[in-house]
Amino acid sequence: IDFNEAFDTSHVLCMFYMFSSCDSLVHINISSFNTSLVGDMEGMFSGCDSLTSLDLSNFNTKNVYYMQCIFAYSEKLSYLDISSFDTTYLGGSGWMFDDLPENGTVIIGKKFNKESSLPYGWKVIKK
């Protein structure tokens, strides 16, 4: 799936379980998503069993307060770029990476302060 600028998310407040359980989703390009107003991303990509990588480096998570299970149970996910994630005001973040494969790579930025929740065995690259 490739979303372009015509898919306007500039007024979206909640992306709760937006792509959850999309078992056949292999690739998704959401680089045009405007997430500046989003407060809830719970389960957004949970259970995406065919998805191997996600580049969310353009996501603005400054206002997100809830990310519980955002990537959980995506059994083939092994690459994440969440370098733009700002978790300063994040409250609910439990199980963000629950039940992911043990070998993977995650890129985080300076405003990601939930390092203790990162997936076990993953290589962490700090930007």
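Residues numbered from 1 in each chain as written. Predicted model: local features only at pLDDT ≥ 70, side-chain atom pairs only at ≥ 80, totals over all residues. Heavy atoms only, no water.

1. Side note on the overall build of the chain
Now for step 1: Looking only at helices and strands, the chain features 0 helices and 4 strands.
Now for step 2: Counting helices and strands in the order they occur from the N terminus, the chain gives β-β-β-β.
Now for step 3: Taking 2.2 N^0.38 as the reference for a compact globule, 127 residues should give roughly 14 Å; the C-alpha atoms of the chain span a radius of gyration of 13 Å, in line with that estimate.
Now for step 4: Projected onto its principal axes, the C-alpha positions of the chain cover 35 × 35 × 25 Å.
Now for step 5: A burial count over the chain gives 45% of its 127 residues as buried.
Now for step 6: Considering only residue pairs separated by 6 or more positions, the chain has 71% of its internal contacts joining residues 24 or more positions apart.
Now for step 7: Split by element, the accessible area of the chain, about 6,500 Å² in all, is 49% carbon and sulfur.
Now for step 8: Distance between charge centroids for the chain: 13 Å, based on 8 positive and 15 negative side chains. (Helix = DSSP H or I, 4+ residues; strand = E, 2+ residues; numbered from the N terminus. Rg over C-alpha atoms; globule rule 2.2 N^0.38 Å. Buried < 20%, exposed > 50% of the residue type's maximum accessible area, 1.4 Å probe, protein only. Contact = heavy atoms within 4.5 Å. Areas by Shrake-Rupley, 256 points an atom, 1.4 Å probe, with all protein chains shown as cover. Lys, Arg positive; Asp, Glu negative; His and termini not counted. Charge placed at Lys NZ, Arg CZ, Asp CG, Glu CD.)

2. Focus: the pattern of salt bridges
A side chain with one charge can pair with a side chain of the opposite charge if their charged atoms come near.
Now for step 1: Within the structure shown, the criterion is met by 1 salt bridge.
Now for step 2: The shortest N-O distance in the salt bridge between Lys 126 and Glu 115 comes to 3.3 Å. With Lys 126 in strand E4 (residues 123–126) and Glu 115 in the loop between strand E3 (105–108) and E4, this residue pair connects regions lying 11 residues apart in the sequence.
Now for step 3: Using a relative accessible area of 56% as the deciding quantity, one classes Lys 126 as exposed. (Salt bridge = Lys/Arg side-chain N within 4 Å of Asp/Glu carboxyl O.)

3. A short note on the side chain of Glu 42
Now for step 1: Take Glu 42: it is sitting in the segment before strand E1 (53–55).
Now for step 2: The buried charged residue Glu 42 lacks any salt bridge, with Lys 114 as its nearest oppositely charged partner at 15 Å.
Now for step 3: When residues no more than four places from it in sequence are discounted, the contact partners of Glu 42 are Met 15, Phe 16, Tyr 17, Tyr 66, Met 67 and Gln 68.

4. Focus: the packing of aromatic side chains
Now for step 1: Tallied over the full model, the rule gives 10 aromatic pairs.
Now for step 2: Pairwise contacts between aromatic rings join Phe 3, Phe 7, Phe 19, Phe 33, Phe 45, Phe 71 and Phe 97 into one cluster. (Phe/Tyr/Trp six-rings, centres within 6.5 Å; stacked < 30°, edge-to-face > 60°.)

5. A look at the sheet that holds E4
Now for step 1: Pairing in this open sheet of 4 strands is parallel, and the strands run E1-E2-E3-E4 from one edge to the other. Edge strands, defined here as strands with exactly one partner in the open sheet, are E1 and E4. Put simply, the sheet's adjacent strands are angled 15° from each other on average, direction ignored.
Now for step 2: Of the strand pairs in this sheet, E3 and E4 are connected by 4 bridges, and their pairing is parallel. Looking across to E4, one finds that Val 106 is bridged to Val 124. (Pairing = 2+ DSSP bridges. Axes fitted to C-alpha atoms, helices over the stretch in contact; angles between N-to-C directions.)

6. Quick word on the pairing of strand E2 (residues 79–82)
Now for step 1: Looking at chain direction, E1 and E2 are connected through 3 bridges and run parallel. Within E2, the position partnered with Ser 53 by the bridge is Tyr 79.
Now for step 2: Bridge count between E2 and E3: 4 bridges; the pairing is parallel. Looking at the pairing, Tyr 79 lines up with Thr 105 of E3.

Everything listed here is a matter of geometry and, on its own, says nothing about what the molecule does.
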